[in-house]
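Residues per chain, in single letters:
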Amino acid sequence: MTLTEKARKIKLLICDVDGVLTDGKIYIGNEGELFKAFDVKDGLGIKMLLANGVDVAILTARSSEILKRRTHELGITNVLQGQRDKVKGLGELLTATGLSPEEIAYIGDDLPDYAVIQKVGLAACPSNAVEEIVQLADFKSQYSGGAGAVRELAEFILKTQGKWESTLEKMFLHPDPNARHRY
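Residues numbered from 1 in each chain as written. Predicted model: local features only at pLDDT ≥ 70, side-chain atom pairs only at ≥ 80, totals over all residues. Heavy atoms only, no water.

Caption draft 1: Structural context of the sheet that holds strand S6 (residues 104–107). The strand order S5-S4-S1-S6-S7-S8 describes an open sheet built from six strands, whose pairing is parallel. Unpaired on one side and paired on the other, strand S5 (78–80) and strand S8 (139–140) mark the two borders of the sheet. Relative to S8, strand S7 (residues 122–125) is paired through two bridges, and the arrangement is parallel. When the bridges of S8 are listed, cysteine 125 appears paired with lysine 140. (Pairing = 2+ DSSP bridges. Helix = DSSP H or I, 4+ residues; strand = E, 2+ residues; numbered from the N terminus.)

In structure tokens:
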């Protein structure tokens, strides 16, 4: 099956966090507080998917209050943190959504994603993913994690599904004045 055929079937994008939605760096302040940076381009890509009926979920081995805030801000409701066994987490998402693996895209960057990325319909990675993940990926972003990789994948899915022009129309030419615009 071609990449285009795979992308047309996608109803859910599952994202890893560290190294995908962030650059993978974890900043720790003097008081032990954690800091992570998220790219607004990725946030907008997620908002565009959600506005077009393509759900987005988070599946990550780490847990943080920062991620909880960010996902709430973006409107992501399926957030599985602390998932050391990501295949089990994928199973939970399959059960919760009623989707088949072919209807799911997963974007990951490192070895903790190795098993789960092989069990979805469309495997994706940022440009700076480890070689083992790059070899498994159907879609390889030209952007690094935390620097637009998720946005590029979101646009590809929307364009492949014929939803790009309507996205531009409803979100940017004639936006809902009551819509939340935090990306």
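Now that the structure has been shown, the text picks up again.
Caption draft 2: Inspection of empty space enclosed by the protein at higher detail. Under the definition given, this model contains one cavity of 30 Å³ or more. Within this model, the largest cavity holds a volume of roughly 60 Å³. Every residue along the wall of the largest cavity is listed here: Leu21, Phe38, Asp39, Asp42, Gly43, Ile46, Ile58, Arg70, Thr71, Leu74 and Ile76. Elements that contribute at least two residues to the lining of the largest cavity include exactly helix H2 (40–51) and helix H3 (65–74). Here the residues of the lining of the largest cavity sort into six nonpolar, two polar and three charged. (1 Å grid on protein atoms, 1.4 Å probe; cavity = no way out; pocket = protein on both sides within 12 Å on 5 of 7 lines; lining within 4 Å. Points joined across faces, edges and corners; volume = space filled by probe spheres on them. Nonpolar A, V, L, I, M, F, W, Y, C, P; charged D, E, K, R; others polar.)

Caption draft 3: The pattern of salt bridges, seen in detail. Per the counting criterion, the structure on display carries nine salt bridges. Salt-bridge contacts for lysine 36 lead to aspartate 18; the nearest nitrogen and oxygen are separated by 2.8 Å. A residue pair is termed long-range when its members are at least 10 positions apart, and lysine 36 in the loop between strand S3 (34–35) and H2 and aspartate 18 in the loop between strand S1 (12–15) and strand S2 (27–28) qualify at 18 residues. On the accessibility criterion, lysine 36 (14% relative accessible area) is buried. Residue classification places aspartate 18 among the buried positions, given a relative accessible area of 14%. Via salt bridges that share partners, Asp16, Lys86 and Asp113 belong to a single interconnected network. (Salt bridge = Lys/Arg side-chain N within 4 Å of Asp/Glu carboxyl O. Buried < 20%, exposed > 50% of the residue type's maximum accessible area, 1.4 Å probe, protein only.)

Don't take any of this as a statement about function, it's just geometry.
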